[in-house]
Amino acid sequence: MKKEKREKLKIWQKTYLLTLALFLFCICAVVFSLAGYSNRKNIYSELDSSSAEEYYIASSYIRDTENAQSNEYRDNLVRAYVKHYRGEGILLCFFEKNSDGQVVRSTAAASSFPADTVFPDESPVLAKIDGKKHIIITDEREDFRLVYARDVSFLDDELRSLIVTFAIVALAVSLILAFALYFILRKLSLPLEQLRSTAERISSGERGLRADEEKGGAEVVSLGVSFNRMLDTVDSQIDELEANAAEKQRLVDNMAHELRTPLTVIHGYAEYMTMSDQSEEERLDMLGAIVSESERLKNLSEVLLDGAWLRRSSPSCERVALDDVISECCRRYENKAKEKGVALICAMCSLSVRADALLLSVLLSNLIDNAVKATPSGGRVSVAAGKEEDGCVCLGVSDTGRGIGKEELLHITEPFFRVDKARSRAEGGTGLGLSLCRDICASFGADMRFSSVLGEGTQVKIIFLGEKL
Amino acid sequence: MAKILIVEDEKNIRELLKKNLSTVGHICTTTGDGRDAKSILSDDPGFDLLIFDVMLPGNDGFELLDFAKTTISPPPPVIFVTAKTSLDDRLRGLRYGADDYIMKPFEILELIARVDVVLRRYGKSANVEQFDDISIDFVSRKVLRGGVEVPLKPKEYALLEVLVRNRNFALSRDKLLSLVWGYDYEGDERTVDVHIQQLRMKLGLHNRIKTVYKIGYRFEM
């Protein structure tokens, strides 16, 4: 992990540096070629004007020596020319030629060049004289050779100052570019950075957070959208897992209570009776409690085993007349309902289903028992069979009892679930009844549906999905 | 001899707790309902210890704990008794402010010992026990008979203390051996018999320390 983190440049940083480098490179190339070009042009222009000037000097000299009387006159003239032009910064050297065209001599006075100058063979030529750049033109005439040199070192200076100027301008522009580009690119990459920090926050626990789907370029926006979709999926999976885990924990807690309570009584009383004295009456009371708690454990284990057995085996399937089941179960609870002052009403019908008669009877009994328990004196419990809208046979128990809350309804068929969180024994059982009912329904392909209103009553319907009329 | 309120909705368990604690001399009031408990506490704030089940109809034990600790001054100690034994539940109970947490099912001796410890912590346990002409000082571990100190060997004193603190309960030799001499003791149960004899003789407790047939010994008071 550490290696990857070691300074991987971000995209925008890379873009920035590359753009800047490219720009600087281009600017330097342009500056140098422009300067070079300008310099060359200048040199050519100087060359032109130098040529013209040299021609003029040579022509003047010829004109002036046309009517020359003596050598002395010529020497003086030469000296005058040299001196005059030297004042204008131009070096001249006159070479006399004899009648064969050979160079004969040049006097010191006929030259304003430095003494150790080596004259070039070609013309024109750029050469340094006394460290300064000069254009040197060698003009061969009939009687003389004129070497002309003009100081063009100023061109070099101009070039240098041009380059410096260009360089400064380039630098200034680069700096401006550097700033501007930095901010522009930063701003462009901001949405990405935000996305990253959102992800960071979510991973450290802020679950409801989502990425902003509006900001940024097209790619960033579509990344944000996908990102959010992924989070939604993950969130719903987490919720599901948490719900499952909570259900398992509830199951364990409730089972624990159902087992530990009778065990505490049995163990506690037995231990007490061995360790202390008590009256005969007390002893009988305690023994009675031990017996009844043992029975509770026995019943509990039987229901648990029934449930386990049911899940493993496929019960018998025969044609069962619903009438028979209804009347049998109602008969069983007739007295209990009457004692409580609850009216138990059974409606007859002529429907039948394929199911295990015994299991169906257990199922219906459980539902009727719950209904009677939940209904106060003066209330009503009705048992009836009929047809659903889609033609399926259904068997239902409804009561005018205390009802079940929406939250509770979600968990009601979980094993050991009790609406009464204290799990008191007075009105309720172990909480396994409805889970067993659910298993029984599953075994003959029926669906069990609840609807309830707190304070008004509950309806439970068993819908035999395989039986259509 | 503490005044204890027991709140537990299972009748049998309620009775069990009451019997056990009464036997060793505590005075117990019981109720099966959280609301009832609140009104009892409001009328009589003089309880030395409160024992609650965590799962009660109406209110739950935590609510009751809050009530007791905030409305009574000074707040009395509270012990939770419950079938919820997961680590999370235990931690929750203790962190919430309970002074101890007993899990069901429990053993009589454990219940008595835990109640004792909590009472001692709160200074509601007597430092001196007196009966007949005997006076036992639990703090200095000295026993006086008729005002005169009776020298007892350390194990003799320890045995006496165990018997007195668990009075009226018959304790087996095996149990006495492990409580007084420790689980690792390789000795004989007859060691217990010998020490009992010594106690009886030195302190004249022939009528107090009774031999219980087939079980062990019981200190009666």
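The rules we used
- Residues numbered from 1 in each chain as written.
- Chains lettered and ligands numbered in written order.
- Predicted model: local features only at pLDDT ≥ 70, side-chain atom pairs only at ≥ 80, totals over all residues.
- Heavy atoms only, no water.
- Helix = DSSP H or I, 4+ residues; strand = E, 2+ residues; numbered from the N terminus.
- Buried < 20%, exposed > 50% of the residue type's maximum accessible area, 1.4 Å probe, protein only.
- Contact = heavy atoms within 4.5 Å.
- Areas by Shrake-Rupley, 256 points an atom, 1.4 Å probe, with all protein chains shown as cover.
- Axes fitted to C-alpha atoms, helices over the stretch in contact; angles between N-to-C directions.
- Parallel < 35°, antiparallel > 145°, perpendicular 65-115°, else oblique.
- Left-handed = near helix turned anticlockwise from the far one by under 90°.
- Nonpolar A, V, L, I, M, F, W, Y, C, P; charged D, E, K, R; others polar.
- Pairing = 2+ DSSP bridges.
- Buried area = accessible area lost by both parts, 1.4 Å probe.
- Salt bridge = Lys/Arg side-chain N within 4 Å of Asp/Glu carboxyl O.
- Polar contact = N/O pair within 3.5 Å; in protein donor to acceptor, adjacent residues only side chain to side chain.
- Patch = residues over 30% accessible without salt bridge, like charges linked within 9 Å, V, L, I, M, F, W, Y side chains within 5 Å.
- Disulfide = S-S within 2.5 Å.

Asks: I tried to follow the overall build of chain A on my own but got confused; where do I start?
Replies: A tally of helices and strands in chain A yields ten helices and twelve strands. Here chain A holds 469 residues, and the buried ones make up 36% of them. Long-range pairs, those at least 24 residues apart, make up 64% of the contacts in chain A between residues at least 6 apart in sequence. Just so you have it, chain A exposes about 27,900 Å², and 57% of that area is on carbon and sulfur atoms.

Asks: Quick question: what am I supposed to make of the packing of helix H2 (residues 11–66) of chain A against helix H4 (residues 153–203) of chain A here?
Replies: If you want to describe how two helices pack, look at the angle between their axes and the distance between the axes. All names here are of chain A. Running from N to C, H2 and H4 cross one another at 160°; their axes reach a closest spacing of 9 Å. Of the possible angle classes, the one that applies to H2 and H4 is roughly antiparallel. Taken as a pair, H2 and H4 cross one another with a handedness that is right-handed. Per-class residue counts for the contact of H2 with H4 are 25 nonpolar, eight polar and three charged.

Asks: I'm lost on the pairing of strand S5 (residues 144–151) of chain A in this one. Help?
Replies: The side chains of a regular strand alternate, residue by residue, between the two faces of the sheet. Residue and element names in this part refer to chain A. For S5, the tally of buried residues reaches six of eight residues, placing the bulk of the element in the interior. The sheet contact formed by strand S1 (residues 90–97) and S5 spans seven bridges and is antiparallel. Across the sheet, residue Phe94 finds its bridge partner in S5, namely Leu146. Where strand S4 (residues 132–140) meets S5, seven bridges bridge the pair, whose relative direction is antiparallel. Along S5, the bridge assignment pairs Ile136 with Ala149. A loop of three residues connects S4 with S5, the two strands running antiparallel in sequence.

Asks: What should I look at first to understand the interface of chain A and chain B in this one?
Replies: At the junction of the two partners, chain A supplies 26 residues and chain B supplies 28 residues. For the pair chain A and chain B, the two sides together bury roughly 2,300 Å², of which 60% comes from carbon and sulfur. For the pair chain A and chain B, the number of links is two salt bridges. In this structure, the connection of chain A to chain B is made through eight residue pairs in polar contact (both at pLDDT 80 or more). At the level of secondary structure, the elements contributing two or more residues to the side of chain A that touches chain B comprise helix H5 (218–275) and helix H6 (280–312) of chain A. Per-element accounting of the side of chain A that touches chain B gives the leading share, 15 residues, to H5(A). For the side of chain A that touches chain B, a count of residues per class yields nine nonpolar, eight polar and nine charged.

Asks: How do you make sense of the sheet that holds S1(A) when you look at a structure like this?
Replies: Two orientations exist for strands paired in a sheet by backbone hydrogen bonds: parallel and antiparallel. All names here are of chain A. Ordered by their spatial adjacency, five strands build an open sheet running S2-S1-S5-S4-S3, and the pairing between neighbours is antiparallel. Of all the strands in the sheet, the pair left with one neighbour each is strand S2 (103–105) and strand S3 (125–129). Here the average twist between neighbouring strands, direction ignored, is 40°. Its contacts with the sheet place H2 against S1, S3, S4 and S5, and it is angled at close to 140° to S5. Taken strand by strand, helix H3 (residues 71–87) contacts S1 and S2, and its axis lies near 160° from that of S1.

Asks: What should I look at first to understand the packing of helix H8 (residues 357–374) of chain A against helix H10 (residues 433–443) of chain A in this one?
Replies: Residue and element names in this part refer to chain A. Interhelical geometry of H8 versus H10 gives an angle of 145° and a closest axis separation of 10 Å. With respect to the hand of their crossing, H8 and H10 are arranged in left-handed fashion. The residues of H10 that touch H8, namely those facing Leu359, Val362, Leu363, Asn366, Leu367 and Asn370, are Gly433, Leu434, Cys437, Ile440, Cys441 and Ser443. Its residues placed into classes, the contact of H8 with H10 shows eight nonpolar, four polar and no charged.

Asks: It is not clear to me how a nonpolar patch on the surface should be interpreted in this structure. Could you clarify?
Replies: Residue and element names in this part refer to chain A. A surface patch of nonpolar side chains, amounting to about 350 Å² of accessible area, comprises Phe179, Tyr182 and Phe183. Of note, Phe179 is situated in helix H4. Judged by its relative accessible area of 57%, Phe179 falls in the exposed class.

Asks: I keep staring at the environment of A:Arg438 and nothing clicks. Help me out?
Replies: Residue and element names in this part refer to chain A. Position of Arg438 relative to the elements: it lies in helix H10. A relative accessible area of 36% means that Arg438 is categorised as partly exposed. Note: C-alpha distance between Arg438 and Met448 (ten residues apart in sequence) is 6.9 Å. In this structure Arg438 touches Thr413, Pro415 and Met448, once residues within four positions along its chain are discounted. Polar contacts involving the side chain of Arg438 include one to the side chain of Thr413, which spans 3.4 Å.

Asks: What is the right way to look at the state of the cysteines in this model?
Replies: One covalent bond between the sulfur atoms of two cysteine residues makes up a disulfide. Residue and element names in this part refer to chain A. Following the criterion strictly, the structure yields one disulfide over all chains and no others. Between the sulfur atoms of Cys330 and its disulfide mate Cys346 the distance is 2.1 Å. Note on the Cys330 and Cys346 pair: the S-S dihedral is about -125°, so by sign convention the disulfide is left-handed. With Cys330 in helix H7 (residues 322–340) and Cys346 in strand S7 (residues 343–346), this residue pair connects regions lying 16 residues apart in the sequence. Cys330 gets classed as buried once you look at its relative accessible area, which sits at 5%. Among the residues examined, Cys346 registers a relative accessible area of 27% and is labelled partly exposed. The closest cysteine sulfur to the non-disulfide-bonded Cys392 is located on Cys394, 9.0 Å from its own sulfur. For Cys392, a relative accessible area of 2% translates into the label buried.

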